[in-house]
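Overview (structure and organization)
Below are the chains, spelled out letter by letter.
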Amino acid sequence: MEVKARAPGKIILAGEHAVVHGSTAVAAAIDLYTYVTLRLPLQSDENNDRLTIQLKDLSLEFSWSVSRLKEVFPSVSSNSSPSTPASCSGEALKSIAVLVEEQNIPEEKIWLTSGISTFLWLYTNILGFSPATVIITTELPYGSGLGSSAAFCVALSAALIASSISDKTRSDGWTCLDETNLELLNKWAFEGEKIIHGKPSGIDNTVSAYGNMIKFCSGEITRLHSNMPLRMLITNTKVGRNTKALVSGVSERTVRHPDAMKSVFSAVDSISKELASIIQSKDEISVAEKEESIKELMEINQGLLQSMGVSHSSIDTVIRTTLKHKLTSKLTGAGGGGCVLTLLPTGTVVDKVVEELESIGFQCFTASIGGSGAEICF
């Protein structure tokens, strides 16, 4: 039996960093996906005693015998329930670490450790010790702030949950899961994100699971519905960044200048709320007018992010380059490198700006904003 699932990456349209200090943030799904194919062998198959994960984009494969998994996880089959998402305890994480270490992950790919650990936790808790081959491919660059880890957790959870759905009617294309299973896979994906990131906000996995857009403030997530088409050019500067250090830097600046930074965060909050209002608006305002308003809000938001100290020379280069083509850009996510968003008003031809950005060494994607969330295919 084969089940396929896919889940989108995400961008932060407005509110990054300020959200940590109580402001509103707006995030959206993008039509760049991570794909998971789950192959469960027939009883007669020769390879029906192993759990294997293949990371196609990295040409890597890791595999464990079912007997080895049972040996290391003696309590999983009796204690776990697919319908009750569970957090990975420190003790369980130590057991998983033993299984991961046995795989001798190459030193330069050691960052994969947390992802492989997440895979083992989600798989054994949702499907138990069933042998299978799980194949992962992605259109998302790793570690660039586009939610690649959340898309992995969501797509994997979707495939695992879908495999136990009794009605597996073959379909020609991708289909959404029902609301109950969406809620369940989102909770499981959040548990996976906790293994990878420690204390995630839940924004990334929620956007990936449900798609479209969300508004997030003080731990409360509100799903939004976009009433306008929105396209962005996403430029990956390929500059790695330390998210924790950038967040700390903003907090330290807030301690030194509390009143000024309070005003900055308040302004960001207003931008996010206005942006959400424009995107959801059903008023008879033309798309061009809405795009002009979004362009201005992005410009103001970028200025405020610079005042927080989270921009970078690579981001400034992207902003200057796109401005030459009369396009507006802002960083998305942690900053300090990572990715930059450029609004593409209706009818924009991107060839020349993409050519210029790629000649500098950046990587470019064009994406539709606010599309579908997790989907499955039998």
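In this report, we go over the structure that sits alongside the text.

**Considering the overall build of the protein chain**
Helix and strand content of the protein chain: 12 helices and 13 strands. Taken against the 2.2 N^0.38 rule, which gives 21 Å for 378 residues, the C-alpha radius of gyration of the protein chain at 21 Å falls within 12% of a compact globule. In the protein chain, which comprises 378 residues, the proportion classed as buried is 53%. A sequence separation of at least 24 residues applies to 77% of the contacts in the protein chain between residues at least 6 apart.

**Focus: the packing of helix H8 (residues 243-256) against helix H9 (residues 258-280)**
Relative to each other, H8 and H9 sit at 125 degrees, their axes nearing to 5 Å. Here H8 lies oblique to H9, going by the angle between them. Facing H8, whose interface residues are Val250, Arg253, Thr254, Val255 and Arg256, H9 presents Pro258, Met261 and Phe265. A class-by-class count of the residues in the contact of H8 with H9 yields five nonpolar, one polar and two charged.

**Concerning the side chain of Thr37**
Along the chain, Thr37 falls in strand S2 (residues 25-39). The contacts of Thr37, once residues within four sequence positions are left out, are Glu2, Val3, Lys4, Thr133, Val134 and Ile135.

**What to know about the pattern of salt bridges**
Close approach of charged atoms allows side chains with opposite charge to pair. Considering all chains together, one arrives at 12 salt bridges under this definition. Here Arg39 ties to Glu2 by a salt bridge, and the two come within 2.6 Å at their closest N and O atoms. Here Arg39 is found in strand S2, whereas its partner Glu2 is found in strand S1 (residues 2-14), with 37 residues between them in sequence. With relative accessibility at 40%, the residue Arg39 sits in the partly exposed group. A salt bridge links Glu102 to Arg68, with the shortest nitrogen-to-oxygen separation between them at 2.3 Å. One end of the pair, Glu102, is in the loop between helix H3 (90-101) and helix H4 (113-127); the other, Arg68, is in helix H1 (residues 66-72), and 34 residues separate them in sequence. According to the relative accessible area criterion, Glu102 is partly exposed, its value standing at 36%. In the salt-bridge network here, residues are joined through shared partners; they are Glu2, Lys4 and Arg39.

**A look at unusual backbone geometry**
A positive phi angle, close to 55 degrees, is found at Asn212, a residue other than glycine. As for its position among the elements, Asn212 is in the loop between helix H7 (203-210) and strand S7 (213-217). Of note, the phi angle at Lys238 is positive, near 65 degrees, even though the residue is not glycine. Looking at the secondary structure, you find Lys238 in the loop between strand S9 (231-236) and H8.

**Topic: the sheet that holds S9**
Spatial ordering of the open sheet is given by S10-S11-S9-S12, a layout of four strands whose pairing is antiparallel. Each edge of the open sheet carries a strand with a single partner, namely strand S10 (329-332) and strand S12 (363-368). Strand-to-strand, the axes of this sheet are offset by a mean angle of 30 degrees, without reference to chain direction. Pairing of S9 with strand S11 (residues 339-343) involves five bridges; the strand directions are antiparallel.

**As for the pairing of strand S4 (residues 60-65)**
For S4, a buried count of five out of six residues is recorded, marking the element as mostly surrounded by other parts of the structure. Examined bridge by bridge, strand S3 (residues 50-55) and S4 share six bridges and lie antiparallel to one another. By the bridge assignment, Arg50 is partnered in S4 with Ser65. Where S3 folds back on S4, the antiparallel hairpin that results is connected by four residues, among which Ser59 adopts a positive phi of roughly 55 degrees.

Thresholds applied
- Residues numbered from 1 in each chain as written.
- Predicted model: local features only at pLDDT ≥ 70, side-chain atom pairs only at ≥ 80, totals over all residues.
- Heavy atoms only, no water.
- Helix = DSSP H or I, 4+ residues; strand = E, 2+ residues; numbered from the N terminus.
- Rg over C-alpha atoms; globule rule 2.2 N^0.38 Å.
- Buried < 20%, exposed > 50% of the residue type's maximum accessible area, 1.4 Å probe, protein only.
- Contact = heavy atoms within 4.5 Å.
- Axes fitted to C-alpha atoms, helices over the stretch in contact; angles between N-to-C directions.
- Parallel < 35°, antiparallel > 145°, perpendicular 65-115°, else oblique.
- Nonpolar A, V, L, I, M, F, W, Y, C, P; charged D, E, K, R; others polar.
- Salt bridge = Lys/Arg side-chain N within 4 Å of Asp/Glu carboxyl O.
- Pairing = 2+ DSSP bridges.

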